[in-house]
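Coordinate analysis (summary)
What follows is each chain in one-letter form.
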Amino acid sequence: MMPDSSRSTIFALSSGRPPAAIAVIRISGPRAGAALEALGVKIPAPRQARIARIRDPESSEIIDEALALWFPAPNSETGEDVAELQGHGGPAVIAGILDALSRIDGLRMAEPGEFTRRGFENGKLDLTAVEGLADLVSAETEAQRRLAFRQMKGQLGDRAEAWRERLVRALALVEARIDFSDEADVPEDLVGPALAIVQELRDEIATALADGRRGERLRDGLVVAIAGPPNAGKSTLLNRLARREVAIVSPYAGTTRDVIEVHLDLGGYPLTLLDTAGVRETGDPVEMEGVRRARERAAAADLVLWVTDASAGKSDAPTPDLAEAGRAVPVWQIRNKADLVRSMDAEMLRTMGNASGAKIGAASAAESTPRRRGGAQAATQAGRSRAALASAVNINESRNPSLSTGILSDKTSAYKNEYGVSFSSEDEFILSASEGLGLDRLMSRLSSFAATMLAGAEQSLVARARHRDILAAVQHILNGALDRSWSTGGEEELLAEQLRQAAMELGRLAGRVDVEDVLDIIFRDFCIGK
Ligand SMILES: Nc1nc2c(ncn2[C@@H]2O[C@H](COP(=O)(O)OP(=O)(O)OP(=O)(O)O)[C@@H](O)[C@H]2O)c(=O)[nH]1
Ligand SMILES: [K+]
Ligand SMILES: [Mg+2]
């Protein structure tokens, strides 16, 4: 496609929010060169930086001294003439240059993603690369960056194109059979070799799809929902893991209503932590909605941290209904407020652990502990018990394996939690969110969980639902073609039509067909100036 000379010329600030040391302003379109001249800037040699004074097109007042660059069409990011100005990054400087540009004939401010969109329209990059670029700009962790960069460089796009070419080859064989069926020098069996190609393709696409949704998970981040009864300390735990006061903590049950999201980077892997409303029966319509959202998000999460108050009896935990979700969400049991369970009261721990063979490690109770305390008494008790907890949860972790697996000594035991989902003692954590004790083990288990779930995800071909949907549709068509017997002959037209459809579907990945709706969705997420 040739750049369209009748198009408007667009400009935008392409660098980040001012003030900054440098601001990059880009101009793309047929009048990019004229725009430079209107600003009093001589057009530099292609791809060579040149110092230039930027002047107001009407008053000739100097607005800034900047570096100017020139990328003539078609060798630019948009495929059009592109000029780039690198000026000083102050708000007034930027406003002055943008204002001057807007007063030049045929120029207008770019819409979000419009530079990339022009690049796509001029064949500079295909749709999967556009998506990769969008992901690269919004990548928050190292693994996300790698996946996005590979997508941008054609990890899926090149593969899809190769698949499409092979489909077209299979189609050509079938069409040859149709067109020359009467001629003697055309081999009888062209359908067989065509189907062999189809079978190979079907298998390769099946392999790409059977990736445990790693690519999508990496792109979106693993979702870990903190859920449990009211006042168990869910928000306190979220704040601890996020290392900042994100959620409101209060002694009033029913504090959290909306779902609160925090993004964590665990060794390069993205993890979205959700704090949710305490799950209980309530008549308050607002809290009810909070509970509904909590259940919905927990059911859709990759992992649930089910937080309970270890100082309360087990009966405090309502029976959650994650099992209704129809899929097994892994659930880790978090016994919080262990600081209130002074010195690991033996009897209580047995109740909490619901395990017949639960044993307590070295730091067992010297005194018995009332199950509940309130106010100032709790504070002093908590203070005194801190040392005991520290020795039980942290320091003894290395020395005492029974404590390092939570409160249960038998590592191999499997239990059913309140969801009816099996868990082992490995999935049980005893900690104090407010005192910050016992969190290291939880953090390191979260890190390994993320690493296990997302290992190798950077190499995934499928990074979005759009990719999966299209590949699944192609696979469906190819399965249909392979399931049928074509040996009787005379039905090659039908087979040809199926292969044509499959090729067209694949073409949608790169953005060859019905692209407008998809483009609008993708570019909506772009920032202006990209
Ligand atoms: N002693 C003790 N108190 C805690 C601990 N964690 C939280 N708390 C206290 O428990 C109360 C409730 O904490 P939140 O974090 O608001 O509990 P939540 O589960 O988010 O409560 P809702 O949002 O109302 O469901 C607050 O007073 C916290 O200070 C802990 O480990 N030990
Ligand atoms: K609360
Ligand atoms: Mg809360």
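What counts and what doesn't
- Residues numbered from 1 in each chain as written.
- Chains lettered and ligands numbered in written order.
- Predicted model: local features only at pLDDT ≥ 70, side-chain atom pairs only at ≥ 80, totals over all residues.
- Near = placed C-beta within 6 Å.
- Helix = DSSP H or I, 4+ residues; strand = E, 2+ residues; numbered from the N terminus.
- Nonpolar A, V, L, I, M, F, W, Y, C, P; charged D, E, K, R; others polar.
- Buried ≥ 20, exposed ≤ 12 C-beta atoms within 10 Å, placed from the backbone.
- Core = buried A, V, L, I, M, F, W, Y, C linked by C-beta atoms within 7 Å.
- Domains from an automatic or database assignment.
- Pairing = 2+ DSSP bridges.
- Axes fitted to C-alpha atoms, helices over the stretch in contact; angles between N-to-C directions.
- Contact = placed C-beta atoms within 7 Å.
- UniProt positions renumbered as here; feature names shortened; annotations may be inferred.

Comments concerning the site of ligand 1
Every one of the 25 residues lining ligand 1 counts as a neighbour, but Gly233, Ser235, Thr256, Gly278 and Ser434 are closest to it. The element best represented in the shell around ligand 1 is helix α9 (residues 234-242), accounting for three residues. In terms of residue class, the shell around ligand 1 is made up of nine nonpolar, 12 polar and four charged.

So, the environment of leucine 340
Among the secondary structure elements, leucine 340 is positioned in the loop between β11 (331-336) and α11 (346-353). Taking the number of C-beta atoms within 10 Å as the measure of exposure, leucine 340 has 23 and is therefore buried. Sequence spacing of leucine 340 and valine 304 is 36 residues, and the spatial spacing of their C-alpha atoms is 24 Å.

Quick look at the nonpolar core
Membership of the largest hydrophobic core comes to 88 residues, with the highest contact counts inside it found for Leu167, Val174, Val224, Ile226, Leu271, Val304 and Leu499. The greatest single-element share of this core, amounting to eight residues, is contributed by helix α16 (residues 492-510). Each of domain 2 (131-211 + 461-524) and domain 3 (221-456) accounts for three or more of the residues forming this core. The next biggest cluster of nonpolar side chains, apart from the first, holds 32 residues, and it includes Ile10, Ala32, Val82 and Ile94.

A short note on unusual backbone geometry
Each neighbour pair has its own omega, and for proline 18 with proline 19 the value is 0°, a cis peptide bond. The omega angle of the peptide bond from alanine 73 to proline 74 is 0°, so this bond is cis rather than trans. Assignment of secondary structure puts proline 74 in the loop between β4 (62-71) and β5 (82-89). One non-glycine residue, serine 60, adopts positive backbone phi at about 65°.

Quick look at the pairing of strand β8 (residues 260-266)
For a regular strand, side-chain orientation follows a simple rule: the groups alternate between the two sheet faces. Bridge analysis of β8 against strand β9 (residues 269-275) gives seven bridges, and the strand direction is antiparallel. By the bridge assignment for β9, glutamate 261 is matched with leucine 274. Remark: two residues form the turn of the hairpin made by β8 and β9, two consecutive strands paired antiparallel; glycine 267 in that turn has positive phi of roughly 55°.

Comments concerning the sheet that holds β8
The six strands are arranged β8-β9-β7-β10-β11-β14 in an open sheet whose pairing can be described as mixed. The open sheet is flanked by β8 and β14 (428-430), the only strands paired with a single partner. Direction aside, the axes of adjacent strands within the sheet are offset by 20° on average. With respect to the sheet, α9 is in contact with β7 (222-227), β8, β9, β10 (303-309) and β11, its orientation differing from that of β9 by roughly 155°. Here helix α14 (residues 439-454) sits on the sheet and contacts β7, β8, β9, β10 and β14; the angle it forms with β9, its principal contact strand, is near 125°.

Structural notes on the sheet that holds strand β3 (residues 50-55)
Strand pairing within a sheet occurs via backbone hydrogen bonds; the two strands may be parallel or antiparallel. In space, the six strands of this open sheet follow the order β3-β4-β5-β2-β1-β6, with mixed pairing throughout. Of all the strands in the sheet, just β3 and β6 (107-109) have a single pairing partner and so form its edges. With direction set aside, neighbouring strand axes in the sheet form an average angle of 30°. Relative to strand β2 (residues 20-28), strand β1 (residues 9-13) runs antiparallel, the two being bridged by four bridges. Bridging from a neighbouring strand, isoleucine 10 pairs with serine 28 of β2.

Structural notes on the UniProt feature "binding site: Mg(2+)" (unreviewed entry) in the chain
Listed under "binding site: Mg(2+)" (unreviewed entry) in the UniProt record, and renumbered for this structure, are Ser235 and Thr256. These annotated residues cover 22 residues of sequence, and their C-alpha atoms all fall within 7.6 Å of one another, placing them together at a single site. Relative to the assigned elements, serine 235 resides in helix α9. In this structure, serine 235 is in contact with Ala247, Ile248, Val249, Thr255, Thr256 and Asp275, ignoring residues within four places of it in sequence. Checked against the element boundaries, threonine 256 lands in the loop between α9 and β8. The exposure class assigned to threonine 256 is buried, which follows from the 22 C-beta atoms found within 10 Å. Beyond its immediate sequence surroundings of up to four residues, threonine 256 is in contact with Lys234, Ser235, Ala247, Asp275, Thr276, Ala277, Gly278 and Gly290.

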